[in-house]
Amino acid sequence: KLKAFPKNFLWGSASAAYQVEGAHDEDGKGLSVWDNFVRIPGKTFQGTTGDIAVDHYHRYKEDVALMAEMGLKSYRFSIAWTRIFPEGRGEINRKGLKFYTDLVDELLAHDIEPVVTLYHWDLPQALEDEYRGWESRRIIEDFVNYAETLFTAFKGKVKYWVSLNEQNIFTQHGWVLATHPPGKVDMKLFYQVNHHANLANAAVINKFHDMAMPGQIGPSFAYTPNYAIDANPLNVLAAENAEEMLAHFWMDVYCYGEYPIAALSYLKENDLMFETEVSDFELLKSAKPDFLGINYYQTAANAWNPKEGGVTLGKMNTTGVKGSGGEQGIPGLYKRVTNPAVERTNWDWEIDPVGLRIALRRITSRYRIPVMITENGLGEYDKLESGKVHDAYRINYLEAHVKAIKEAMSDGAQVIGYHTWSYTDLLSWLNGYQKRYGFVYVDQDERMEGSLKRIPKDSYYWYKSLIENNGDY
Ligand code: BGP
């Protein structure tokens, strides 16, 4: 018999400030790198922005009311740094802080545990202009100052904190693929930026513990477990290379405070090694996250990729047309190929619930750390039909993943919560509003009139009953 979910399991759902709030220049908010990036022609799908998003800033009460009706146990959201410090540091913008105080109070009044992400990619533009943000070590001090301000403001109220959301994704898109701000292609800088982000993450975790904050903190990592396409030893080696370069490279630092050996060797051999200071390693070693957050969507199948003439890094499929993404990889290490054993979404994301069980087992055996699933979900085209959205495909997806968590827990993994992506429909960074993830449909057709009506989908009622039964279905 499979293990039952613990009584206090966090059945949650998630969002991020830029993707839901809108009100991008209201109440003293400063501009973030995303506010500007979306204005560069061709950077987002049909030029969509988060200026209005789904207007959560003005409708948070309505959104929380629907969460309460659903029986949601936790809500993961991010705080926009630019609402607290419009210029990245300095005077606190009281109106910006008040929005989050009101949101947290509203959640607590409905017995919903707030799970707060400190950084979900919307860096203050002022810090980018001043010292190029993550490219400078100066970001560490500013990030700690921002975090400390929030820890002080929410001490005793917010118990769960996520330090950085998907460092691996925002750095890859920002400095390798040029698809997120600052839109660069520079492998060496990519590793340097990651080192700074690791230091900032460690410093914030230490600050949290030094302040004796009641609660827990950890980073959220976008974990895409790597498989070999078959048992050809070179393909197996390729999968190990991918796991080292794309997963251990971050998770080892978070959990052990050390970079993985084979990855460091590769960096040194290829003149990609980042600059460090002696005290950096002490700092990385000293920080101990209370949990590891993982955002799980898919797995990746790998094959050998020759050094000469091999496939290089390629962009992700943002078209919403299945099969339009190509192979991608690092010559001499691995390439990602299509896995014929699993289905894919219209954006070519593998649908692989077993992969979640594998992810949880790998993390458990390598790091022995509790895991909070901070994101998991299905992005699809949804259709509003006579006032209803019949998203059986989403229910099937989520149900299979919940089962996989249960199996992983029976295997010994310690999982403290499950947050679906996303609660309401919201802005997909590169795919606009057509790729939907929510339990609650947001009617975009009426955007112009400012309607943005909320309509619970079938999956909303499914999750409600799953929560009622504490994961038994
Ligand atoms: C994660 C991000 C989320 C969200 C999600 C879905 O990487 O943390 O912010 O966007 O992926 O991605 P997408 O919108 O590209 O489908």
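The structure this text deals with has already been given above.
Residues numbered from 1 in each chain as written. Predicted model: local features only at pLDDT ≥ 70, side-chain atom pairs only at ≥ 80, totals over all residues. Heavy atoms only, no water.

(A) Region of interest: helix 10 (residues 233–256). Over its 24 residues, helix 10 extends only 29 Å from the first C-alpha to the last, a length that falls short of the 34 Å expected when each residue adds 1.5 Å. Its side-chain oxygen at 2.9 Å from the backbone nitrogen of L234, N232 defines the N-terminal cap of helix 10. The positive-phi residue at the C-terminal boundary of helix 10 is G257, with phi of around 75°. (Helix = DSSP H or I, 4+ residues; strand = E, 2+ residues; numbered from the N terminus. Expected span 1.5 Å × (residues − 1). Polar contact = N/O pair within 3.5 Å; in protein donor to acceptor, adjacent residues only side chain to side chain.)

(B) Broad picture of the side chain of N194. By secondary structure assignment, the location of N194 is in helix 9 (residues 187–210). For N194, the side chain forms a polar contact with the side chain of Q167, separated by 2.8 Å. Here T171 takes part through its side chain, which lies 3.2 Å from a polar atom of the side chain of N194.

(C) Local environment of unusual backbone geometry. Cis geometry marks the peptide bond from P181 to P182, where omega comes out at 5°. The omega torsion across W421 and S422 is 5°, close enough to zero to call that bond cis. For S422, the location among the structural elements is in the loop between strand 14 (415–421) and strand 15 (440–442). For D111, which is not glycine, the phi torsion reads 60° and is therefore positive.

(D) Structural context of helix 14 (residues 392–411). With 20 residues, helix 14 should cover 28 Å at 1.5 Å per step; its first-to-last C-alpha distance of 29 Å lies within 8% of that length. Those residues of helix 14 that fall on the buried side of the exposure criterion are R394, I395, Y397, L398, H401, V402, A404, I405, K406, E407, A408 and M409. Where helix 14 is buried, its residues meet strand 1 (10–14), strand 12 (350–351), helix 13 (353–367), strand 13 (371–375), strand 14 and helix 15 (458–468). Where helix 14 terminates, the next one or two residues include G412, which has phi positive at roughly 120°. (Buried < 20%, exposed > 50% of the residue type's maximum accessible area, 1.4 Å probe, protein only. Contact = heavy atoms within 4.5 Å.)

(E) Examining the nonpolar core more closely. Counting residues in hydrophobic clusters, the biggest one holds 130 residues, and the most contacted among them are W134, F151, W161, I294, L360, Y423 and Y463. Here this core takes 12 residues from helix 9, the largest share from any one element. With near-sequence residues (within four places) excluded, F151 lies in contact with L118, W161, V204, K207, F208, M211, M213 and I217. Counting 12 residues, the second largest nonpolar core, distinct from the first, contains W347, Y437, V442 and L452. (Core = buried A, V, L, I, M, F, W, Y, C linked by side-chain atoms within 4.5 Å.)

(F) Here's a closer look at the pairing of strand 2 (residues 74–78). When you tally the buried positions in strand 2, you get 5 out of 5 residues, the bulk of the element. Pairing between strand 1 and strand 2: 3 bridges, direction parallel. Among the inter-strand pairings, S13 is bridged to a residue of strand 2, identified as Y75. The pairing of strand 2 with strand 3 (residues 113–119) spans 5 bridges and is classified as parallel. (Pairing = 2+ DSSP bridges.)

(G) Fine view of the sheet that holds strand 9 (residues 328–330). Taken together, 4 strands build an open sheet; the order of strands is 6-8-10-9 and the sheet is mixed. Either end of the sheet is taken by a strand with one partner, and the two such strands are strand 6 (226–228) and strand 9. Strand-to-strand twist in this sheet, taken as the mean axis angle between neighbours without regard to direction, amounts to 35°. Here 3 bridges tie strand 8 (residues 300–303) to strand 10 (residues 334–337), and the two strands are oriented antiparallel to one another. Paired with N302 across the two strands is R336, which belongs to strand 10. (Axes fitted to C-alpha atoms, helices over the stretch in contact; angles between N-to-C directions.)

(H) Expanded view of the site of the ligand. Close to the ligand lie 16 residues, the nearest being Q19, E166, S428, K435 and Y437. A distance of 2.8 Å separates an oxygen atom of the ligand from a polar side-chain atom of Q19. Between an oxygen atom of the ligand and a side-chain N or O atom of E375, the distance comes to 2.9 Å. Its free accessible area being 370 Å², the ligand has 94% of it covered by the protein chains. Split into classes, the residues belonging to the shell around the ligand amount to 7 nonpolar, 6 polar and 3 charged. (Near = heavy atom within 4 Å. Areas by Shrake-Rupley, 256 points an atom, 1.4 Å probe, with all protein chains shown as cover. Nonpolar A, V, L, I, M, F, W, Y, C, P; charged D, E, K, R; others polar.)

(I) Quick look at the sheet that holds strand 2. If you trace the 8 strands once around the closed barrel, you get 1-2-3-4-5-7-13-14, paired in parallel fashion. For this sheet the average axis-to-axis angle between neighbouring strands, irrespective of direction, equals 25°. Bridge analysis of strand 5 (residues 216–222) against strand 7 (residues 292–295) gives 3 bridges, and the strand direction is parallel. Each residue of the ladder has a partner; that of A222, found in strand 7, is N295. Docked against the sheet, helix 9 engages strand 3, strand 4 (160–165) and strand 5, running at close to 160° with respect to strand 5. Packing against the sheet, helix 15 makes contact with strand 1 and strand 14, and its axis sits at approximately 155° to strand 1.

(J) Representation of the packing of aromatic side chains in the model. Under the criterion given, the structure shown has 42 aromatic pairs. Consider the rings of F5 and F9, whose centres lie 4.8 Å apart with planes at 55°: the pair is tilted. Accessibility assignment for this pair places F5 and F9 in one class, buried. Ring centres of F439 and Y463 lie 4.6 Å apart, and the angle between their planes is 25°; on these two criteria the pair is classed as stacked. Here the residue F439 occupies a position in the loop between strand 14 and strand 15, and Y463 occupies one in helix 15, the gap between them amounting to 24 residues. Accessibility expressed as a relative area gives 1% for F439, which makes it buried. Taken together, F190, Y191, F221, Y223, F249, W250, Y254, Y259 and F274 form an aromatic cluster joined through their ring pairs. Looking at R83, its charged tip hangs above the ring of F99, at a distance of 6.0 Å from the centre. (Phe/Tyr/Trp six-rings, centres within 6.5 Å; stacked < 30°, edge-to-face > 60°. Lys NZ or Arg CZ within 6 Å of the ring centre and 35° of its normal.)

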